[in-house]
Amino acid sequence: MPLGYDHNEFRERLRFAIRKSAYDSDTAVSVASGRKPRTISNLFNQRDRAPSADLVSDLAVVLDVDPGWLMGFGNSGSLHDAETLETLKRANQQLQLAINDIESIRNKRVQPSIETVISWWLENNGRLENCAQILEFSDIYRIEEGQRTVPIKLGPQSLASQTLKSTDPKAMQDFINRMPDDQIMHISKLHYECLRDWEYQMRPQRIFAVVSEKLTLGMFYNRLIVPVKGVKGDRLIVNLAQLIEPPKKIF
């Protein structure tokens, strides 16, 4: 809502617009706007509840008023005061830009932060659910005691798949096999301890990544690993890696 938006002013204008409309009840307006029957009643009863931008827009269409007017721009005594027309137009443009920005943010695929992944893990008690965007940027591994960690799924936008130009777990397995043994055992040990203790771990790591026979990269990244329980009850590792500095070509 814009600077200066007033809850009481919005409710007064909404009541006025409903009285002037062809609708005979708050419920009818709520349903006509595509919302639940008690949406408008709740707006009136919950004094500190602010409407979303898209709700204001939908109500304005149903009631045939300008959304800027509902939000408090212009003369409160008239639905369409000619003196405030330009103000209303500007307010409507600002509202539409805000709605477009919100939709753009909703649709944009952004790498989740370390804090976001940790919060998701805690809220879901380690269950591998409600995490489509997280898995888009993360990889999943399986590990047994005394064995090497095994990649089973690469996120399409994870650091591994972007580096290898592939989402095939076999490509990641080949990549691991080319790493020095001490690096492999270090990662495997961390993955196993994470599952054993059922605690997330976060730490930076610097590695030499042998991408191909002709390309080796020096990579410094921050890695978050969390233990999860899959849909079949299997215990797995979700690995989110974020670069700390750009990769450097070694040779």
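Scroll up to find the structure this text is about.
Residues numbered from 1 in each chain as written. Predicted model: local features only at pLDDT ≥ 70, side-chain atom pairs only at ≥ 80, totals over all residues. Heavy atoms only, no water.

### Remarks on the packing of aromatic side chains
Point 1. Inspection of every chain in the model, using the stated rule, returns one aromatic pair.
Point 2. Taking the centre distance of 5.7 Å and the plane angle of 85° together, the rings of W121 and Y200 count as edge-to-face. With W121 in helix α7 (residues 114-123) and Y200 in the loop between α11 (181-197) and β3 (201-212), this residue pair connects regions lying 79 residues apart in the sequence.
Point 3. Looking at R15, its charged tip hangs above the ring of F44, at a distance of 4.3 Å from the centre. (Phe/Tyr/Trp six-rings, centres within 6.5 Å; stacked < 30°, edge-to-face > 60°. Helix = DSSP H or I, 4+ residues; strand = E, 2+ residues; numbered from the N terminus. Lys NZ or Arg CZ within 6 Å of the ring centre and 35° of its normal.)

### Thoughts on the pairing of strand β1 (residues 139-142)
Point 1. Bridge count between β1 and strand β2 (residues 150-154): four bridges; the pairing is antiparallel. Note that in β2 the partner of R142 across the bridge is V150.
Point 2. Pairing of β1 with strand β5 (residues 235-249) involves three bridges; the strand directions are antiparallel. Note on β5: the bridge partner recorded for D139 is N239. (Pairing = 2+ DSSP bridges.)

### Some details on the pattern of salt bridges
Point 1. Evaluation of the coordinates by the stated rule reveals six salt bridges.
Point 2. Across the pair D197 and R196 runs a salt bridge whose closest N-O atoms are separated by 3.0 Å. (Salt bridge = Lys/Arg side-chain N within 4 Å of Asp/Glu carboxyl O.)

### Thoughts on the pairing of β3
Point 1. Note: β3 against strand β4 (residues 215-229), eleven bridges, orientation antiparallel. Looking at β4, one finds that Q205 is bridged to Y221.
Point 2. With antiparallel pairing between neighbouring strands as the criterion, β3 and β4 make up a hairpin whose turn holds two residues.

### Brief notes about helix α10 (residues 169-177)
Point 1. The set of residues buried in α10 consists of M172, F175 and I176. For α10, the angular spread of buried residues about the axis comes to 100°, placing them on one side. (Buried < 20%, exposed > 50% of the residue type's maximum accessible area, 1.4 Å probe, protein only. Arc of directions from axis to C-beta.)

### What to know about the environment of N239
Point 1. Assignment of secondary structure puts N239 in strand β5.
Point 2. The class for N239 is buried, based on a relative accessible area of 6%.
Point 3. Other than its neighbours up to four places away in sequence, N239 contacts S138, D139, Y141, H191, R223, L224 and I225. (Contact = heavy atoms within 4.5 Å.)

### Details of unusual backbone geometry
Point 1. Unusually for a residue other than glycine, D64 sits at a positive phi of about 60°.
Point 2. By the element assignment, D64 lies in the loop between α4 (53-63) and α5 (67-70).
Point 3. Since its relative accessible area comes to 59%, D64 is described here as exposed.
Point 4. Of note in this structure, N125 is not a glycine but carries a positive phi near 55°.
Point 5. With respect to the element layout, N125 can be found in the loop between α7 and α8 (132-136).

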